[in-house]
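Tertiary structure, described
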Amino acid sequence: MTDVRISGIGLHPFGRFEGKTTTDMGVTAVRGALSEAGNPTFQAAFCATAYAGVASGHKVLGALGLTGVPIVDVEAGCASGGAALMLAAGAIRGGQYDTVLVFGIEKMPKGIIRSSFFEPWREEAGLAATPAYFALRAQRLMRESGVTKEHLARVVVKNRANGVDNPDAMFRKPTTTEEVLGSRVVCEPLHLHMLCSPNEGAAAVVLQRADLTSGEAVTLRAAVLRSHLPGSVLGEATPMSGIDDTDIPPPSTRAATDAYEEAGISPDDLDVVECQDTDAARELLSYEELGLCGKGEASRLVEDETTVRGGALPVNPSGGLLSKGEPLGASALGQVAELVTQLRGQAGARQIDDAKVGLAHTVGRGANAAVVIVSR
Amino acid sequence: MTATKPVHDQLFRIGDDGEIRLLGGYSPSSGRHHFPLLPACPYTGADDVEPVELSDRGTLWGWTAVTAAPPGYKGEVPFGFGVVELTEGLRVITRITESDPATLEYGMPMQLVVAPIHTDDDGAEVVTYAFAPAAETS
């Protein structure tokens, strides 16, 4: 099968940018990625976004005079960027294109995300309270995996410490467990500082058939998107009812299992992971769902510091969404940009030694879960 | 007396006696219940779904309190929010009448009730289903 390589990455920092449009931010990211790749001709473009509106990818490429090729906006909630990568990689592997531009753009409203996913009556009844679903999931993890509020706070401390060294992150000040546990309770057991901020930003990657790239380019080993199986009432599908889901694999596990198989690796082969940390408990749940540890063992990875920057398997060296904030359409590609930077050895103060294999994970509304594996 | 209005007309039924029942579905071939009523069994895709009224009793499986008004919500905060496991084995997302999480316990018995949300522009009290801790004697 044709190998697919990442020949260029580009980022617009994640944060709040008054007066800037998604088009402005997309232009910055796309220019960066194309420039790194040597400005190749691309035959198609996929634009990941959930909130930017009609034909938002066309607006970015229109501003750059790069229209004419097929441009498709891709929406898959928090996993939109992973979905766009899957489509682009599949098209290259299948021989339809040899070079595809993939980018993600977003400008989120402030506060609790309003989502058309919820019917009007659910909003009116107060049931469109996204942090409350996160809180119930956190409570379940605490009950079933021995996770404590201190573990949750330590995840925030870890990621914010990593974010200090990421110039593209929104929050660059370190924090302490006392400070996290001292922030107000949004939905028990989750405190304000345990939740990521929806925000703005853009990211882009250029995918190319391997023979068109130099030997140095990072290889895209797998890009898998999966949706949920029915059952979990606390899954990102947020149904009104569910059943005992003990034996029903969540979408992140399904995506990870397929991605490991596609890449021909196991979790033991990973050197660095970027995972969905919309809230601190979501990161710990991801450890279990991605097979980084066994079920019920997430708290151990916190206690033995496996996932800190100098640990055996660093998770979210970029600072994660807890430091960067979450621009939905851009977040998955932002993770991939971080992994490529790590694999190239260009991550500066946050560099993971000798990183060769990385995994990026996003999961959200739909449910949609995406797992991307890259290697050098 | 203030007129009341259900937040949605196909979620629950309030009888003349004021008692409330959730309107769900049951698939004989899968043996599973769901809520709200769907055109096919969400677990097997079977099209033999029968409308059923679900149990008004259950046990508390998860709970929290919402402290800031979520999008589109005009009622008061904080309010309780959680998951109740019905006797049919079904876990239902619901409001909880108790908004102090510290007073609730995993597995405690819960009773379905009618709960007010807010008063709409026409002066009608909009109501929804909710679960309350069941009185110990009942």
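Going by the structure above, here's the rest.
Below is a short write-up of the structure. Because the structure is predicted, anything quoted here is derived from the model rather than measured.

1. A short note on the overall build of chain B
- When its secondary structure is counted, chain B shows zero helices and ten strands.
- Across chain B, helices and strands are ordered from the amino to the carboxyl terminus as β-β-β-β-β-β-β-β-β-β.
- Rg of the C-alpha trace for chain B: 16 Å, near the compact-globule value of 14 Å for 138 residues, within the 12% margin.
- Split into buried and exposed, the 138 residues of chain B put 37% on the buried side.
- Across chain B, every contact between residues at least 6 apart in sequence was considered, and the portion connecting residues at least 24 apart equals 47%.

2. Side note on the overall build of chain A
- Looking only at helices and strands, chain A features twelve helices and twelve strands.
- For chain A, the C-alpha radius of gyration of 19 Å lies close to 21 Å, the compact-globule estimate for 376 residues.
- In terms of its C-alpha atoms, chain A occupies a principal-axis envelope of roughly 50 × 45 × 40 Å.
- Buried positions account for 64% of the 376 residues belonging to chain A.
- Sequence separation of 24 or more characterises 78% of the internal contacts of chain A that already satisfy a separation of 6 or more.

3. Comments concerning the nonpolar core
Residues and elements named next belong to chain A.
- Formed by 156 residues in total, the largest nonpolar core has its most connected members in V102, F103, A204, V205, L207 and L333.
- The leading source of residues in this core is helix α12 (residues 328-343), at nine residues.
- Sequence-distant contacts of V102, that is, excluding residues within four places in its chain, are made with F46, A84, L85, A88, A204, V205, L207 and L333.

4. Digging into the interface of chain B and chain A
- Taken residue by residue, the interface counts 33 residues in chain B and 28 residues in chain A.
- Residues belonging to the side of chain B that touches chain A are distributed by class as follows: 20 nonpolar, ten polar and three charged.
- Sheet analysis places strand β9 (residues 241-242) of chain A next to strand β8 (residues 91-96) of chain B, joined by two bridges and oriented antiparallel. Bridged to S241 of chain A within β8 of chain B is V92 of chain B.

5. Observations regarding helix α8 (residues 251-263) of chain A
All names here are of chain A.
- Spanning 13 residues, α8 covers 18 Å between terminal C-alpha atoms, matching the ideal 18 Å at 1.5 Å per step.
- Buried residues of α8: P251, S252, R254, A255, A256, A259, Y260 and A263, and no others.
- Against the buried residues of α8 lie β8 (218-227), α9 (280-289), β11 (357-364) and β12 (368-375).

6. Focus: the environment of E178 of chain A
- Mapped onto the secondary structure, E178 of chain A falls in helix α7 (residues 177-182).
- Note: C-alpha distance between E178 of chain A and D244 of chain A (66 residues apart in sequence) is 36 Å.

7. Quick notes on the packing of helix α5 (residues 130-145) of chain A against α9 of chain A
Residue and element names in this part refer to chain A.
- Orientation of α5 relative to α9, taken along the N-to-C sense of each, is 50°, at an axis distance of 9 Å. By the criterion of interaxial angle, the relationship of α5 to α9 is oblique. Relative to α9, the crossing made by α5 is left-handed. Packed against α5, whose contacting residues are F134, R137, A138 and L141, the element α9 presents A281, R282, L284 and L285 at the interface.
- Grouping the amino acids of the contact of α5 with α9 by side-chain chemistry returns six nonpolar, no polar and two charged.

8. Here's the deal with α9 of chain A
Residue and element names in this part refer to chain A.
- Burial analysis of α9 places ten of its ten residues in the buried class, the great majority of the element.
- Looking at α9, one finds that the buried residues are A280, A281, R282, E283, L284, L285, S286, Y287, E288 and E289.
- Buried residues along α9 sit against α5, α6 (149-163), α8, α10 (298-303), α11 (320-324) and β11.
- Directly beyond the C-terminal end of α9, a positive phi value near 80° is found at G291.

9. Digging into the environment of F35 of chain B
- On the secondary structure map, F35 of chain B appears in the loop between β4 (32-34) and β5 (50-53).
- Taking C-alpha positions, F35 of chain B is 17 Å from M110 of chain B, a pair spaced 75 residues apart along the chain.
- The contact partners of F35 of chain B, leaving out residues within four places of it in the chain, are M240 and S241 of chain A together with L22, G24, L54, L90 and V92 of chain B.

10. Regarding the sheet that holds strand β3 (residues 71-74) of chain A
Residue and element names in this part refer to chain A.
- Sheet architecture is open: nine strands sit in the order β3-β2-β4-β7-β1-β8-β12-β11-β10, paired in mixed fashion. Two strands bound the open sheet, and with one partner strand each, they are β3 and β10 (272-274). For this sheet, the mean angle separating the axes of adjacent strands, direction not counted, is 20°.
- Against the sheet, α8 makes contact with β8, β11 and β12, and its axis sits at roughly 145° relative to β8, the strand it touches most.

11. Describing the environment of V72 of chain A
- Secondary-structure assignment places V72 of chain A in strand β3.
- Here the alpha-carbon distance between V72 of chain A and L141 of chain A, two residues 69 residues apart in the chain, equals 38 Å.

12. Digging into the pairing of β12 of chain A
All names here are of chain A.
- With eight of eight residues buried, β12 lies mostly within the body of the structure.
- Where burial is concerned, the two faces of β12 agree: the one with N368, A370, V372 and V374 and the one with A369, V371, I373 and S375 are both buried.
- Where β8 and β12 come together, eight bridges link them in antiparallel fashion. Across the sheet, the residue bridging to A222 is I373, located in β12.
- When β11 meets β12, the two strands line up antiparallel, connected through eight bridges. The residue bridging G364 from the neighbouring strand is N368, located in β12.
- The antiparallel hairpin formed by β11 and β12 contains three residues in its connecting segment, where G366 sits at a positive phi of about 145°.

Cut-off values and rules
Residues numbered from 1 in each chain as written. Chains lettered and ligands numbered in written order. Predicted model: local features only at pLDDT ≥ 70, side-chain atom pairs only at ≥ 80, totals over all residues. Helix = DSSP H or I, 4+ residues; strand = E, 2+ residues; numbered from the N terminus. Rg over C-alpha atoms; globule rule 2.2 N^0.38 Å. Buried ≥ 20, exposed ≤ 12 C-beta atoms within 10 Å, placed from the backbone. Contact = placed C-beta atoms within 7 Å. Core = buried A, V, L, I, M, F, W, Y, C linked by C-beta atoms within 7 Å. Nonpolar A, V, L, I, M, F, W, Y, C, P; charged D, E, K, R; others polar. Pairing = 2+ DSSP bridges. Expected span 1.5 Å × (residues − 1). Axes fitted to C-alpha atoms, helices over the stretch in contact; angles between N-to-C directions. Parallel < 35°, antiparallel > 145°, perpendicular 65-115°, else oblique. Left-handed = near helix turned anticlockwise from the far one by under 90°.

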